[in-house]
Amino acid sequence: MSEPTVITMLINGAPATIEVEPRTSLADLIREELGLTGTHLGCEHGVCGACTILVDGEPVRSCLMLGVQADGKNITTIEGLADPISGEMHPIQKGMHEAHGFQCSFCAPGFLMSAVALLEDNPNPTRDQIREELGGNVCRCTGYKTILDGVEAAVSIKSGDNTSSTNLAAEVDR
Amino acid sequence: MRLVGQSVKRVEDDRLLRGTGRYVADVNPPGVLHAVFVRSTFAHARIVSIDAAAAGRSPGVVRIYTGAEINAMSYPMLPMLMLPDLYTPLVKALSDDKVRMVGDPVAVVLANSRAEAEDAAELVEVEYDPLDAVPDIATGLRSDSAQLWEKADGNVLYDHADTFGEVDAVFASADRVITERFSSHRQSNQPIETRGTVIEVDPVTGHLTVHGATQTSHMLRWGIAAYAGKRRIRESLKSLATKKERRAAFLTAAKKFTTDNADALKQSDNAGAAHQIKRDKSTLLHMNRMGLELLGQEDFPTVVAQDIGGGFGAKGAVAREDIALATAAIDLGRSVKWIEDRIENLTDGGHAREEDIEISIAVDDDGTMRGMKVDLVIDHGAYPAWPIGASLASAIMKVMFPGAYRFEAFSMRSRLVATNKGKYVAYRGPWANETWARERIIDVVARELRMSPAEIRLKNMYGPEDMPAAMLTGPTLDETMSTRATLERAIELIDRDELASLKADAEANGRRLGLGLACYHEAAPGPPNYNDAISPGSGALSNETARTVVESDGSIIAYTSQMPHGQSHETTYAQVVADEMGVGIDDVKLVWGNTDKTPFSALGTGGSRGGPLGGGAIKYASREVRRLVAEKAASMLEASVDDIEIVDGNIHVAGVPSRGLTYGEVAGAVATLDGEAFSHNQDYRGKGDGGWSCATHVCMVDIDLETGTVQIPRYFVVEDCGPIINPAIVDGQVRGGVAQGIGAVLYESAVFDTEANPQTTTYMDYLMPSATEIPEIEVHHLETLSPGGENDFRGVGEGGMIGAPAAITNAIEHALAPLGAKVTDQYLPPTKILELAGIIDPDRSSGSS
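Residues numbered from 1 in each chain as written. Chains lettered and ligands numbered in written order. Predicted model: local features only at pLDDT ≥ 70, side-chain atom pairs only at ≥ 80, totals over all residues. Heavy atoms only, no water.

Residues and elements named next belong to chain B. In this fold, S335 is placed in the loop between α13 (320-332) and β13 (336-339). A relative accessible area of 6% places S335 in the buried class. Between the alpha carbons of S335 and H34 there is a distance of 8.8 Å; along the sequence they are 301 residues apart. Setting aside residues no more than four positions away along its own chain, S335 makes contact with P29, G31, V32, L33, I199, E200 and V201. (Helix = DSSP H or I, 4+ residues; strand = E, 2+ residues; numbered from the N terminus. Buried < 20%, exposed > 50% of the residue type's maximum accessible area, 1.4 Å probe, protein only. Contact = heavy atoms within 4.5 Å.)

Structure representation (structure tokens):
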């Protein structure tokens with residue numbers, strides 16, 4: 001077994017310097033060493049998407065990346081979504097709340113991070129584009145409709161256009 | 001404004017969407033050791049030897065226990081549901097003499113980190129002497145197949161027949177008898193969070209706190225208390241004899257149990273227990289020793305569970321692993337943690353539904369369905385799930401098979417066959433294949449009689465004019481069995497013109513369109529005689545208790561014995577309590593999952609019981625506390641209790657809101673020692689309330705004849721679960737269930753080879769549907785009120801999965817019937833679709849099973 005390496009990264013905006021064994025996955029590093037347990041492990045082989053985080057803004061399966069590979073990277077996890085000062089939720093969190101997006105929510109961290117990456121690239125996705133982009137994340141509870149609704153609600157919240165989110169709420173409230 | 005009936009946004013979201021929930025994998029007591037199980041690589045073999053010496057020298061290893069060591073310190077898991085003719089093998093925490101499946105745990109490694117435990121587990125050398133494997137039902141039924149359990153009759157653990165009505169006479173006098181053999185494949189619950197348990201040992205007192213991903217916190221508590229960590233019986237007896245308070249407490253508890261469940265106990269028949277003991281005399285011995293030991297224990301574990309990443313039945317089982325972990329933790333006096341990986345979960349985290357069903361319908365030429373005969377064989381897997389598994393599924397199927405139809409006679413033979421595969425557990429609507437097989441053959445009958453699927457169902461289905469009635473199998477039917485109304489509404493929602501034009505378009509483009517429907521009702525909670533029809537006396541298992549408290553500072557806390565794992569109880573129960581207490585949703589705090597605080601329930605969350613039973617208990621507990629508060633307020637305000645109103649937390653005399661009191665003021669005026677100003681415990685069995693939850697599912701399929709892929713352009717459900725607490729949450733439950741049904745038919749199959757080696761142990765092989773596979777399922781509601789009950793919430797968790805496989809397979813047969821297809825398998829991946837369409841030859845395509 002090779003020796004631990006010291007790496008430096010930006011995690012949810014804060015710098016971190018940490019010693020990591022070469023074989024430790026980034027997911028384990030984040031959860032066990034940094035104590036950020038909001039990132040979840042569903043399959044540990046890169047299919048379910050629950051462990052998705054952002055590395056330099058791109059969605060990555062943290063179970064398939066090694067901790068040492070995060071050296072010098074800018075990492076964002078679910079804990080980094082809300083405003084660090086006010087605690088106000090990110091539009092994607094608000095949108096999911098509005099739309100009853102999740103149930104058990106074990107898959108939620110991955111969906112949220114995938115959706116954030118999607119909306120960065122494409123601020124006004126069509127429903128089919130949302131479906132396609134979130135096709136790499138698995139949810140066992142919801143049948144997905146409310147998760148797609150949640151992304152659409154986030155788009156409305158982000159653009160300050162509350163009409164469609166109100167409509168959505170009205171529809172959900174029927 | 002009343003909260004019940006509105007899509008109130010989820011209370012639990014704030015924690016879960018911020019990533020600050022606490023799931024079992026997030027729990028790390030100081031100094032916790034990480035457990036990894038050494039598992040069998042053979043499906044069936046004798047264990048010759050285990051050499052853990054090299055593994056024990058591996059870095060970070062603290063202790064390795066073999067099966068023999070753990071089993072010497074624990075009791076085997078004993079059967080809970082004992083049915084006449086059922087033999088349930090006793091299950092040891094780890095296997096020590098032979099293994100019966102790939103993945104069978106034979107040793108456990110405890111190390112300072114998970115990685116170190118995994119490294120060491122690789123070094124444990126187990127020598128096996130392989131035996132022939134039983135990979136499927138057909139092999140298991142052969143008299144010359146290798147036997148898994150020596151005390152069983154071959155590999156048949158259960159062979160039982162029930163008859164209702166004059167079956168032979170009905171079959172002899174009907175115009176025709178139509179018979180079909182259906183086969184359902186092995187599926188898996190697959191919550192995205194795997195199983196996991198952390199046993200935290202208090203270093204001073206030795207008290208165990210069990211952090212579990214469990215649907216049933218109290219069952220887990222008592223399972224661990226009963227089975228883990230053997231003591232000397234003599235010590236137990238001595239402790240019991242010398243401790244007067246313990247003895248008195250036990251006798252009081254026993255008396256309360258027998259009084260509370262007097263009806264159930266009177267009815268329970270002992271034939272099941274007699275059969276079990278005849279097969280395995282050690283059942284009685286272990287039961288007595290375990291019971292005596294429990295009586296002598298000073299301290300029982302506490303189970304604590306906060307957030308759980310789904311279960312779908314799989315986490316209703318107390319795992320063998322749990323017993324092994326707790327035994328190791330007690331022996332070492334150290335905390336231990338096990339988080340299952342996905343390979344373990346796909347191998348033995350829970351399988352279900354692998355069933356062969358031969359079904360015959362006696363029908364007259366006018367479409368009157370008169371009789372039904374069923375021969376059911378369940379692939380039980382190697383080990384029985386504890387406390388319930390395949391035997392309960394078969395018992396419920398026996399009751400529900402006739403469905404919403406007026407049959408004159410029904411008979412059913414049920415067999416459970418042991419195979420060298422993962423255990424069969426309850427999976428969302430565990431009895432669902434009665435609906436699948438029945439609704440499938442009704443379509444077959446309709447086609448033979450040249451009737452439409454809707455027409456034959458309407459002709460034979462009970463309607464409101466028939467109520468009250470009774471199913472042939474026993475349970476009472478009242479107006480809440482509104483399946484016919486859901487079917488009538490579904491028929492209105494089908495656009496025939498659109499369908500015809502889509503169909504023509506599809507056929508012109510190398511595709512085929514089909515429409516399928518399925519109807520069912522489920523007990524949610526069912527009439528009072530429902531549980532007795534399943535197994536006399538089993539009603540005792542479905543009791544629920546809730547407790548509502550107003551603390552001295554006026555805060556309102558409700559305690560439930562339910563164990564939420566995605567169903568949003570924290571929101572829906574707060575809605576119910578807030579309405580009863582006249583406060584807002586943020587004024588109510590729900591406490592669950594901590595067995596030191598929450599009332600006892602045997603089952604926890606499962607069986608569509610959360611709405612009617614858990615919800616009913618909490619509603620009536622809160623109502624009583626409101627009454628106590630109003631009484632106190634009345635005396636403080638010098639008014640009559642009948643004039644007290646509580647609105648937005650303002651407790652006042654009607655018409656004088658300006659002179660109101662807060663909950664804090666009223667509670668503060670009550671002297672209390674424990675900080676609880678008002679409280680009430682409510683036992684609740686749903687007797688006289690509630691009833692049936694019903695639905696009709698309609699599925700449209702669009703099949704590409706070139707690729708064999710099935711698209712679902714429209715899927716809708718018309719459901720009737722009575723008054724709804726939170727429509728968005730109910731819709732979510734229905735859609736999630738349907739999505740699992742779609743996965744089951746088109747994508748998911750737990751495959752084993754001819755040596756019983758599992759072939760689908762990753763998500764690359766066991767295909768979980770994603771957003772691109774699941775259509776946007778429409779949910780329509782009817783709201784039939786029950787004739788007697790005031791608490792009319794009915795459960796809705798199971799239903800989506802019960803209806804979906806039937807609706808989808810019926811649609812596929814409808815689409816492909818013109819090509820000569822007959823759908824008898826539930827699993828229909830593209831290769832199978834192309835075979836059904838006659839495009840590829842089943843005899844020449846391999847590996848499609």
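Structure shown, so let's carry the discussion forward.
Glancing now at the packing of helix α8 (residues 233-242) of chain B against helix α12 (residues 282-296) of chain B. All names here are of chain B. Viewed as axis vectors pointing N to C, α8 and α12 meet at an angle of 45°, and their least axial separation amounts to 7 Å. One way to sum up the angle between α8 and α12 is to call them oblique. For the pair α8 and α12, the crossing hand works out as left-handed. The segment α8 lies against α12, with I233, S236, L237, S239 and L240 engaging R289, L292, E293, L295 and G296. Its residues placed into classes, the contact of α8 with α12 shows five nonpolar, three polar and two charged. (Axes fitted to C-alpha atoms, helices over the stretch in contact; angles between N-to-C directions. Parallel < 35°, antiparallel > 145°, perpendicular 65-115°, else oblique. Left-handed = near helix turned anticlockwise from the far one by under 90°. Nonpolar A, V, L, I, M, F, W, Y, C, P; charged D, E, K, R; others polar.)

All names here are of chain B. Among all positions in helix α4 (residues 114-123), only A117, A120 and A121 are buried. Buried residues along α4 cover an arc of 105° about the axis, so they all sit on one side. Along its buried surface, α4 packs onto β1 (33-39), α2 (53-56), β3 (61-66) and β5 (105-111). (Arc of directions from axis to C-beta.)

Residues and elements named next belong to chain A. Taken domain by domain, chain A consists of domain 1 (5-80) and domain 2 (91-172). On a C-alpha basis, the centroid separation for the pair domain 1 and domain 2 is 23 Å. Between domain 1 and domain 2, the residue contacts involve 18 residues of the former and 14 residues of the latter. Both faces considered, domain 1 and domain 2 share a buried interface measuring about 1,100 Å² in area, 65% of it formed by carbon and sulfur atoms. Viewed at the interface, domain 2 and domain 1 are joined by zero salt bridges. Residue assignment for the side of domain 1 that touches domain 2 shows that the elements contributing at least two residues are β3 (52-55) and β4 (58-61). The element best represented in the side of domain 1 that touches domain 2 is β3, accounting for three residues. Looking at the side of domain 1 that touches domain 2, its residues break down into eight nonpolar, nine polar and one charged. (Domains from an automatic or database assignment. Buried area = accessible area lost by both parts, 1.4 Å probe. Salt bridge = Lys/Arg side-chain N within 4 Å of Asp/Glu carboxyl O.)

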